[in-house]
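Descriptive structure summary
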Amino acid sequence: MGVLAALGPAILISYLILSGTTAFTIKHVSNFYCMLGMLAAVLHPLYFVNRDYSSKTISLINNSKQNRKKYVLANVVIALCVSLIYAALGIVLLLVTKELGVPGELKASFLLGFSVNVFLLVLTFFLFGYILLLYGVRSGAVYGILTALLLFFHNILINVLESTNNVFLSNIIENFPGYFYPVMVGSNPLSPMQYFIGCLTLVVLLVLVLKKSERIEI
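These notes cover the structure that comes with them. Nothing here was measured: the structure is a model prediction, and the numbers come from that model. Every chain's residues receive numbers from 1 upward, in the order its sequence appears when written. In keeping with the model being predicted, local features are shown solely for residues with a pLDDT of at least 70 and side-chain atom pairs are shown and tallied solely at 80 or more, while totals for entire chains, interfaces and linings include all residues. With hydrogens and water set aside, each side-chain value is computed from the structure's full complement of heavy atoms.

Section: the overall build of the protein chain
Operational definition: Helical segments are the DSSP runs of H or I of at least four residues, strand segments are the runs of E of at least two, and each set is numbered from the N terminus. Here the globule rule reads 2.2 Å times residues to the power 0.38, and the radius of gyration is calculated from C-alpha atoms. Here the term buried applies to any residue with accessible area under 20% of the maximum for its type, exposed to any over 50%, and partly exposed to those in between, with areas from a 1.4 Å probe on protein chains only. Whether two residues are in contact is decided by their heavy atoms: any pair within 4.5 Å suffices. In these tables, accessible area is a Shrake-Rupley quantity obtained with a 1.4 Å probe, and a residue counts as shielded only by the protein chains included in the view. We treat Lys and Arg as the positive residues and Asp and Glu as the negative residues; His and chain ends play no part in the count. For charged residues, the charge sits on one atom: NZ in Lys, CZ in Arg, CG in Asp, CD in Glu.
In terms of regular secondary structure, the protein chain is built from nine helices and zero strands. Reading the protein chain from its N end, one meets helices and strands in the order α-α-α-α-α-α-α-α-α. Radius of gyration (C-alpha) of the protein chain: 19 Å, near the 17 Å computed for a compact globule of 218 residues. Taking the principal axes of the C-alpha coordinates as reference, the protein chain spans close to 60 × 40 × 30 Å. Taking all 218 residues of the protein chain together, 41% fall into the buried category. Residue pairs in contact within the protein chain that sit at least 24 positions apart in sequence constitute 74% of those at least 6 positions apart. Only carbon and sulfur atoms are counted for the fraction: they give 70% of the accessible area of the protein chain, which is about 11700 Å². Taking the 13 positively charged and 7 negatively charged side chains of the protein chain as two groups, their mean positions are separated by 13 Å.

Below, the structure is given as structure tokens:
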């Protein structure tokens, strides 16, 4: 449902571009790709975790703290591989569209920032969904929360930014991962502060998932 909902804005903007109302550049391609692809990239590795828990096969793994820790790390590796696949597909897509004559600069710094952004976004939201599953949130609710965060919530924050003159509030929103990941993933490399906050958030979420997994009753 989230992927289908993401088609709406993409189709609308595509219509505006084709009708000549607005320009079409390489960053439109990267943003469309991220709009449609990042939710799928997060849900793919999360599907395996949810499948194991919903089918009760996780009980075969939860017989020791060591196994539970290895299970978490294995799923993180899967999420890492998925993020790298989506980043590689995105870069190939951008290079092909550039060769087809789509205007816009395609610098190495942008491609590197694009790859790092995808990597951080997928792992961060995957771990966030993972911790929700560990705390007993139903999979449908988890997918709904992730859909809202990746496709809609940042639009609310954008409206808040545009309507406020409070510098402190603006700085908080601009450096909040729930805002800058969906907005910036396909547009520009993040700022050093945003990368620091993103890496710190990733580490905190990983520690929370590991700690919660260790406390699961056998």
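A short note on the side chain of Ser-187
Tracing the sequence through the fold places Ser-187 in the loop between helix H8 (177-184) and helix H9 (192-214). A relative accessible area of 13% means that Ser-187 is categorised as buried. In contact with Ser-187, not counting residues within four places along its chain, are Lys-27, Asn-31 and Phe-110.

Some points on the nonpolar core
Stated precisely, the cut-off is as follows: Nonpolar cores are built from buried Ala, Val, Leu, Ile, Met, Phe, Trp, Tyr and Cys residues. Side-chain atoms within 4.5 Å join them into one set.
Counting 49 residues, the largest nonpolar core has Met-38, Tyr-86, Val-118, Leu-121, Phe-125, Phe-126 and Tyr-130 as its most contacted members. Of all the elements in the fold, those that place two or more residues in this core are helix H2 (26-54), helix H3 (65-99), helix H4 (108-134), helix H5 (139-151), helix H6 (153-163), H8 and H9. Setting aside its immediate chain neighbours within four residues, Phe-125 contacts Val-42, Leu-146, Leu-149, Leu-150, Pro-177 and Tyr-181. Counting seven residues, the second largest nonpolar core, distinct from the first, contains Ile-26, Val-29, Leu-94 and Val-102.

Focus: the packing of aromatic side chains
Operational definition: Pairing of aromatic rings covers Phe, Tyr and Trp, the last counted by its six-membered ring, and requires centre-to-centre distances within 6.5 Å; plane angles under 30 degrees mean stacked, over 60 mean edge-to-face, and any other angle means tilted. The criterion for a charge sitting over a ring is simple: Lys NZ or Arg CZ within 6 Å of the ring centre, and within 35 degrees of the ring normal.
This structure, assessed with the given rule, holds seven aromatic pairs. If you follow Lys-212 out to its NZ or CZ, it ends over the ring of Tyr-135, 4.4 Å from the centre.

Comments concerning the pattern of salt bridges
Using the following cut-off: Each salt bridge in this description consists of a side-chain nitrogen of Lys or Arg and a carboxyl oxygen of Asp or Glu lying within 4 Å of one another.
Evaluation of the coordinates by the stated rule reveals two salt bridges. Two residues, Lys-107 and Glu-105, come together in a salt bridge whose shortest N-O distance is 3.8 Å.

Side note on the packing of H4 against H8
We apply this condition: Axes here mean lines fitted to C-alpha atoms, for a helix over just the part in contact, with angles spanning 0 to 180 degrees between N-to-C directions. For classification purposes, an angle smaller than 35 degrees is called roughly parallel, one larger than 145 roughly antiparallel, one from 65 to 115 roughly perpendicular, and anything else oblique. Left-handed is the label given to a crossing in which the near helix is rotated counterclockwise from the far helix by less than a right angle, and right-handed is the label when the rotation is clockwise. In this classification, the charged set is Asp, Glu, Lys and Arg, the nonpolar set is Ala, Val, Leu, Ile, Met, Phe, Trp, Tyr, Cys and Pro, and all remaining amino acids, among them Gly, are polar.
At a minimum axis separation of 10 Å, H4 and H8 run at an interaxial angle of 135 degrees. Taken as axis vectors, H4 and H8 run oblique relative to one another. Regarding H4 and H8, the two cross each other, and that crossing is left-handed. Judged by residue contacts, Asn-117, Leu-120, Leu-121, Thr-124 and Phe-125 of H4 engage Pro-177, Tyr-181, Pro-182 and Met-184 from H8. In terms of residue class, the contact of H4 with H8 is made up of seven nonpolar, two polar and no charged.

With respect to a nonpolar patch on the surface
Stated formally: For patch detection, residues must exceed 30% relative accessible area and be free of salt bridges, and they are connected within 9 Å for like charges or within 5 Å for nonpolar side chains (Val, Leu, Ile, Met, Phe, Trp, Tyr).
A surface patch of nonpolar side chains, about 490 Å² in accessible area, is lined by Met-193, Phe-196, Leu-200, Val-204 and Leu-208. Mapped onto the fold, Leu-208 is located in helix H9.

Observations regarding the environment of Phe-153
Topologically, Phe-153 is positioned in helix H6. Relative accessible area serves as the criterion here: at 29%, Phe-153 is assigned to the partly exposed category. Counting along the chain gives 25 residues from Phe-153 to Gly-178, while the straight-line C-alpha distance between them is 7.8 Å. Look past the residues within four positions of Phe-153 in its chain and what remains in contact with it is Ala-148, Phe-176 and Gly-178.

Examining the environment of Leu-146
Considering the arrangement of structural elements, one finds Leu-146 in helix H5. Look at Leu-146 and you get buried, because its relative accessible area is 0%. As a C-alpha pair, Leu-146 and Leu-200 span 54 residues in sequence and 20 Å in three-dimensional space. In contact with Leu-146, other than residues within four places in its own chain, are Leu-39, Val-42, Leu-43, Leu-46, Phe-125, Phe-128 and Gly-129.

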